[in-house]
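Chain by chain, the residues:
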Amino acid sequence: MNWSKITDTELGRAAWDILEETTCDYHNGWHVLKMYNYLDETNEPYDECLDWAVLFHDIVYDNQPEKELRSAGKFVEMSKQYSGAETLDFFAMTRVCGMIHATTDHFCHVKDVSAIIRADLHALTNPLDTFYNFQSIMDESMNLYKIDEVTFADNNIKFMGGLYDRVQKNMETDPDHREFYKDVKRGIVSTINLARILKGDL
C-alpha cells in the first residue's frame, strides 16, 4: 500500500478496523488495497482527499440504500472523533464526500472524480479478476439481500447494463482514459455473460 499516506493516523486505523470486521465477500479491505495498488501502479499523483475517499468509500456496506451517501457521512462523523484529517478544510472535506458519492454510479461528470472511479472499476479490466469477483459479489449479495442465484443474476444484468452506458459516456467526458474504459466495457460484457450462463440463457 505504497500510495496511501494515511494508514498510520488514528482515523485511518479506525477505518481499517471497520473494514477488517466486515463480513462482505467483495466490498472489504482487500478491495480497498486493490484500489490503492492501482493508484500506485498507474502513478496517480498523491491527493490526500482521494486517499481518504478510497479508504471510506465502502465503509458502510449493508442491505440498505444510499450506502455511498452514508459512507461519506461516516467519514465526516469519524473525522471529528479521531485525529488524522485536521488539515482538511471545508472545501477539502466536500471533495472527499464528492469522490465517495461518485462511486454510486461511476459516471465521470467532472475530472476530479476520475481517479476514484477508475480505481473502483479497474478489476473489470482483468478477465481473471472479473471472473473471481463475480463469484464474490454473488456470495455477498445473496448474504446481504437474502436472494437466490437467479435473482442475483437478473439484478446483475440490469446493473451492469446501466454501468455499461455510463462507462460509454465516460469515454467522452474523460477522454484521457478512453482505452481504460474500453477494457472496462469488455469486463462488463463478460460479467453479463456470466450472469446469463448462471440463468441458463447461454
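The notes below deal with the structure included here.

Reading guide: rules and limits
Residues numbered from 1 in each chain as written. Predicted model: local features only at pLDDT ≥ 70, side-chain atom pairs only at ≥ 80, totals over all residues. Heavy atoms only, no water. Helix = DSSP H or I, 4+ residues; strand = E, 2+ residues; numbered from the N terminus. Rg over C-alpha atoms; globule rule 2.2 N^0.38 Å. Buried < 20%, exposed > 50% of the residue type's maximum accessible area, 1.4 Å probe, protein only. Contact = heavy atoms within 4.5 Å. Expected span 1.5 Å × (residues − 1). Salt bridge = Lys/Arg side-chain N within 4 Å of Asp/Glu carboxyl O.

## Some thoughts on the overall build of the protein
On a plain count of helices and strands, the protein comes out with nine helices and zero strands. In sequence order, the protein lays out its α and β elements as α-α-α-α-α-α-α-α-α. The C-alpha atoms of the protein give a radius of gyration of 17 Å, which matches the 17 Å a tight globule of 202 residues would have. Summarising its shape, the C-alpha atoms of the protein cover approximately 55 × 40 × 25 Å along the three principal directions. Burial status across the protein gives 45% buried among its 202 residues. Of the contacts formed within the protein by residues at least 6 apart in sequence, a portion of 67% connects residues at least 24 apart.

## A few points about helix H1 (residues 10-21)
The first and last C-alpha atoms of H1 sit 17 Å apart over 12 residues, in line with the 16 Å expected at 1.5 Å per residue. Within H1, the full set of buried residues consists of Leu11, Gly12, Ala14, Ala15, Trp16 and Leu19. Contacts made by the buried residues of H1 are with helix H2 (29-41), helix H3 (48-56) and helix H4 (67-81).

## Topic: the pattern of salt bridges
This model, assessed by the stated rule, comprises 10 salt bridges. The residue Arg95 makes a salt bridge to Asp112 at a minimum N-O spacing of 2.7 Å. Taken together, the residues Arg95 in helix H5 (residues 90-102) and Asp112 in the loop between H5 and helix H6 (114-121) connect sequence positions 17 residues apart. Since its relative accessible area comes to 19%, Arg95 is described here as buried. When its relative accessible area of 36% is taken as the criterion, Asp112 is described as partly exposed. For Lys199, the salt bridge identified is with Asp154, shortest N-O distance 2.6 Å. A residue pair is termed long-range when its members are at least 10 positions apart, and Lys199 in helix H9 (residues 178-199) and Asp154 in helix H8 (residues 149-173) qualify at 45 residues. The exposure class assigned to Lys199 is partly exposed, which follows from its relative accessible area of 32%. What makes Asp154 partly exposed here is its relative accessible area of 28%. The network of salt bridges with common partners includes Asp47, Arg95 and Asp112.

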